[in-house]
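So you can see what is in the structure, the chains are spelled out below.
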Amino acid sequence: MDVLTQEKSQTSESVSGKYTVITFAPVQGFIEKSRKLRDLYGASQILSYLSWKIVCAANSKNCEVISPAIAIDDASEMANVDIVQGMPNRILILGDFSHNDAQKALTEGWKEIVTACRGWLRDNLQIDDEGWFNSWTRWQIHAWEVFWGSGADIELAMRDLETRKLRRAWTVPNWNGESSSLSGHDAIAHPNMDSLGTNEAEIKSFYKRLAEVLDPSGDENDRAYINENERLSIPELIKRLVTYGAIARHIHRDLYAPTFREVLRKDDKSGATYWTGWFMGDGDKVGDHLKRLTDNASVTQFSQSLRAWGKKFQTDFDKKGRVVYAGGDDFLGVMYGDKQTPKLDSREVIEWLLDLRGSWEKGNLGITLSVGFVWAGHSVPQRDVLQHCREAEKLAKNLGRDRVTIRVLFNNGQFVQWTTPWKYLEWLKDYRDRNDNTGKDANWSHVYTDLAQLKARHAIPPETAEHPSDYLAIELLTLYFGEDKRKMFSKAKDRKHLTGEKDEKSVIAWIEGMILVGWQLCSNI
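So, how was this worked out
Residues numbered from 1 in each chain as written. Predicted model: local features only at pLDDT ≥ 70, side-chain atom pairs only at ≥ 80, totals over all residues. Heavy atoms only, no water. Salt bridge = Lys/Arg side-chain N within 4 Å of Asp/Glu carboxyl O. Helix = DSSP H or I, 4+ residues; strand = E, 2+ residues; numbered from the N terminus. Buried < 20%, exposed > 50% of the residue type's maximum accessible area, 1.4 Å probe, protein only. Pairing = 2+ DSSP bridges. Axes fitted to C-alpha atoms, helices over the stretch in contact; angles between N-to-C directions. Core = buried A, V, L, I, M, F, W, Y, C linked by side-chain atoms within 4.5 Å. Contact = heavy atoms within 4.5 Å. Parallel < 35°, antiparallel > 145°, perpendicular 65-115°, else oblique. Left-handed = near helix turned anticlockwise from the far one by under 90°. Nonpolar A, V, L, I, M, F, W, Y, C, P; charged D, E, K, R; others polar.

K.L.:
What should I look at first to understand the pattern of salt bridges in this one?
P.N.:
Pairing between side chains of opposite charge can happen when their charged atoms approach one another. Counted according to the given criterion, the structure contains 28 salt bridges. Put simply, K455 and E512 hold a salt bridge, and the shortest N to O gap is 3.2 Å. In this pair, K455 sits in helix 14 (residues 445-456) while E512 sits in helix 18 (residues 504-522), placing the two residues 57 residues apart along the sequence. You can call K455 partly exposed: its relative accessible area is 26%.

Laid out in structure tokens, this is it:
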């Protein structure tokens, strides 16, 4: 068999009929150990880069990469593919692509990242490799585990992968001494970390120099990349460093994000403070949807639609803030103002949320969307905001999916929230105050005050009531939002669809959440 015939047989479904699915771990853990937006962004970039390396390796072996779908016919062109848009970490391949091939590609990519970070530290901070070489090497070798599955069709390959994922053989580096101040995981990285002792003065000196070199013009306690009082582990340090231009470009030209520092929550010169909107979402039951796509054309189409939606979503969102990542069906972003208009209009936030669902549906993805949205005060730490985002998204899924949870998070850590099917988010527009004003002229204090009075007199029972009646809550809703709203609570099936539960306590909580969130985000005062 000549080379050309051999290559054709490897890419022909009818001849080989072999599908391969590749993924790696830990992905969720790698993301979750990110308490700051920059860490999260760096983590998502690293994951995209590692997926891209596997895709490149598959293309170089003349395998057909079905998902993620990339319209590149020539394998040599892969070097120019934009990887910043986010690559999913589950890769479906048609052809003979072994576990060793995947392991080799991922290891190569991770080694490039680790080497670039360590090399930059060595050259720019004049650090001798000897004192922490072993620690870096352990993380270079043991950070990831590759999972591989194959089968005669896509469903069998996916099932084989899930079976193999149950047999984990991952070795995690242990650590000595104090742990990271960011996540509490793994040892603090410093130039002599291979020795068991901890020299506080040496650690302090290292992080002070690192902070100054990365951002020499920044304020002492507000550096762009790292503050002098932070203590990071090696993987946390890598996530932070890959967002630095010189290092990111050394790895890949598209890894650098030059506008990252524009998140504006407080103007130190004027003292003005600003609320910001944070959102985290993903498609509902994507795994089940993929199982129903039994041919490679359907999977390719789905992958192309997802990537096209993610790319358009990022482009459209540019003027509102930053999309941290939009890979596969997952996305995370933050809305904030710019120097010209630093204060966001909270009513425009609701409009954007309504458009978000419309944009998702236009993508023809065949799955619904669940989102957690947090409207956060200026002094809430980013790590807390991100945790609230995760909780809000999880709540939207747990209450039935195809929903959005809006959580208004105050500076003191307290919050009000409302979880609703997307369709009924529009009910906020139906509000009519006592003077028949609607829209931006409506005074939300009317319904807010009535709710507070009724709750103070226990006319609307508290959450602790054993047998609450939702009668007055529904009457209040009907009075201010229209008679048609009453019908939705007349049938148990509709109540469950709306609130996630059938009981009256859930109805009261849903109506109260709607009014409180509406007062915070739609009020004109």
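K.L.:
Would you mind going over the sheet that holds strand 4 (residues 145-151) with me for this structure?
P.N.:
Pairing between sheet strands relies on hydrogen bonds along the backbone, with the strands arranged either parallel or antiparallel. If you walk across this open sheet you meet the four strands as 2-3-1-4, and the pairing is antiparallel. At either end of the open sheet lies a strand with only one pairing partner, and these are strand 2 (64-67) and strand 4. Sheet twist, expressed as the average angle between the axes of neighbouring strands with direction ignored, equals 30°. Direction of pairing for strand 1 (residues 19-25) relative to strand 4: antiparallel, over a ladder of seven bridges.

K.L.:
Sorry, what's going on with the nonpolar core here?
P.N.:
Grouped burial of nonpolar side chains is what soluble globular proteins tend to show. Residues I113, L121, W144, L210 and I238 are the most contacted members of the largest nonpolar core, which totals 84 residues. In terms of residue count, the dominant contributor to this core is helix 3 (residues 37-60) (14 residues). Sequence-distant contacts of L210, that is, excluding residues within four places in its chain, are made with W120, L121, L125, I226 and L237.

K.L.:
It is not clear to me how the environment of G337 should be interpreted in this structure. Could you clarify?
P.N.:
With respect to the helices and strands, the residue G337 is situated in the loop between strand 7 (330-335) and helix 12 (346-362). In this structure G337 comes out as buried when scored by relative accessible area, which is 6%. For the pair G337 and Y274, spaced 63 residues apart in sequence, the C-alpha separation works out to 8.2 Å.

K.L.:
Please clarify how the packing of helix 11 (residues 296-317) against helix 12 should be interpreted in this entry.
P.N.:
Two numbers describe a pair of packed helices, the interaxial angle and the distance between the axes. Two elements in contact, helix 11 and helix 12, have axes separated by 11 Å at closest approach and are oriented at 155°. Between helix 11 and helix 12, the angle falls in the class roughly antiparallel. Both helix 11 and helix 12 take part in a crossing whose hand is right-handed. Contact with helix 11, carried on its side by L306, W309, F313 and F317, involves W352, L356, S359 and W360 of helix 12 and no other residues of that element. Per-class residue counts for the contact of helix 11 with helix 12 are seven nonpolar, one polar and no charged.

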